[in-house]
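An overview of the molecular structure
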Amino acid sequence: MRLWVDADACPNVIKDIIFRAADRVGVETILVANQYVRTPPSPHIRSMQVPGGFDAADDAIVARVEPGDLVVTADIPLASAAIGKGALALNPRGELYTADSIAQRLSMRNFMDELRGAGVDTGGPATFHARDRQAFANQLDSLLRRVTSEEK
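A few points on the structure.

Thresholds applied
- Residues numbered from 1 in each chain as written.
- Predicted model: local features only at pLDDT ≥ 70, side-chain atom pairs only at ≥ 80, totals over all residues.
- Heavy atoms only, no water.
- Buried < 20%, exposed > 50% of the residue type's maximum accessible area, 1.4 Å probe, protein only.
- Helix = DSSP H or I, 4+ residues; strand = E, 2+ residues; numbered from the N terminus.
- Right-handed = clockwise from strand over helix to strand, strands pointing away.
- Salt bridge = Lys/Arg side-chain N within 4 Å of Asp/Glu carboxyl O.
- Pairing = 2+ DSSP bridges.
- Contact = heavy atoms within 4.5 Å.
- Axes fitted to C-alpha atoms, helices over the stretch in contact; angles between N-to-C directions.
- Expected span 1.5 Å × (residues − 1).
- Core = buried A, V, L, I, M, F, W, Y, C linked by side-chain atoms within 4.5 Å.

1. Thoughts on the pairing of strand E2 (residues 28-33)
Counting buried residues in E2 gives 5 out of 6 residues, a clear majority hidden from the surface. Handedness of the β-α-β unit built from strand E1 (residues 2-6), helix H1 (residues 12-25) and E2 comes out right-handed.

Now the structure itself:
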């Protein structure tokens, strides 16, 4: 299992949680972004800088993700593509996307895009709270425990 992070928009507090978890369980972790991402010195963590461009980081992750990998992203199309390739996808707020939930989320995303295209102000994402950070940490820990226990 590898842990892929859509690092362009990932909150720093979530990256810190990922760094600690990666070192704790020894999972290979790759942060993908179109800009330099600082990572702590660790044999398990590295960053991959991709050329700038629309969805370049997403495309790089999709090209490399394999079944059983985990992708951390708030990007619905990326999560959908990862699930389509047999990977898991986890939102930085702690929501584990499933094949069922991602279809609904993709439909809602497309609907909101249409509204924005028609000039409707749909607002932005909700403020990131401590409860989101805790939900993410709990879900990541649960997934990593499950995977590492399956490997034994």
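2. Structural notes on the pattern of salt bridges
Throughout the structure, instances matching the rule amount to 6 salt bridges. When the shortest N-O distance is used, the salt bridge between Arg2 and Asp69 registers 3.6 Å. Of this pair, Arg2 sits in strand E1 while Asp69 sits in the loop between helix H2 (56-64) and strand E4 (70-72), and the two are 67 residues apart along the sequence. As far as the burial class goes, Arg2 and Asp69 line up, both buried. Where Arg46 meets Glu28, a salt bridge forms, and the shortest distance between an N and an O atom there is 3.6 Å. Of the two residues, Arg46 sits in strand E3 (residues 45-49) while Glu28 sits in strand E2, which places them 18 residues apart along the sequence. Relative accessible area serves as the criterion here: at 37%, Arg46 is assigned to the partly exposed category. Given the relative accessible area of 34%, Glu28 is considered partly exposed. Overlapping salt bridges, with partners in common, bring together Arg2, Glu66 and Asp69 in one network.

3. Side note on the sheet that holds strand E6 (residues 96-97)
Backbone hydrogen bonds are what pair the strands of a sheet, in a parallel or an antiparallel way. In spatial order, the strands read E3-E2-E1-E4-E5-E6; together these 6 strands make up an open sheet with mixed pairing. Here the strands that pair on one side only, and so sit at the sheet edges, are E3 and E6. Inspection of the sheet shows E4 paired to strand E5 (residues 88-90) by 3 bridges, in the parallel sense. In the strand pairing of E5, Leu70 is matched with Leu88. Relative to the sheet, H1 contacts E1, E2, E3 and E4, its axis offset from that of E2 by approximately 155°. Contacts from H2 reach E1, E2, E3 and E4 within the one sheet, and its direction differs from that of E1 by about 165°.

4. What about H1?
The end-to-end C-alpha distance of H1, which contains 14 residues, comes to 20 Å, matching closely the 20 Å that a straight helix rising 1.5 Å per residue would cover. Among all positions of H1, only Ile14, Lys15, Ile17, Ile18, Phe19, Ala21 and Ala22 are buried. Note on H1: the residue one or two positions beyond its end, Gly26, has a positive phi of about 75°.

5. As for the nonpolar core
Ranked by size, the top nonpolar core spans 22 residues in total, and within it Val5, Ile18, Leu31, Phe136 and Leu140 carry the most contacts. Listing elements by their share of this core, those giving two or more residues are E1, H1, E2, E4 and helix H5 (130-151). Among the elements that make up this core, the one with the highest residue count is H1 (6 residues). With 14 residues, the next largest nonpolar core counts Met48, Ala56, Val71 and Leu78 among its residues.

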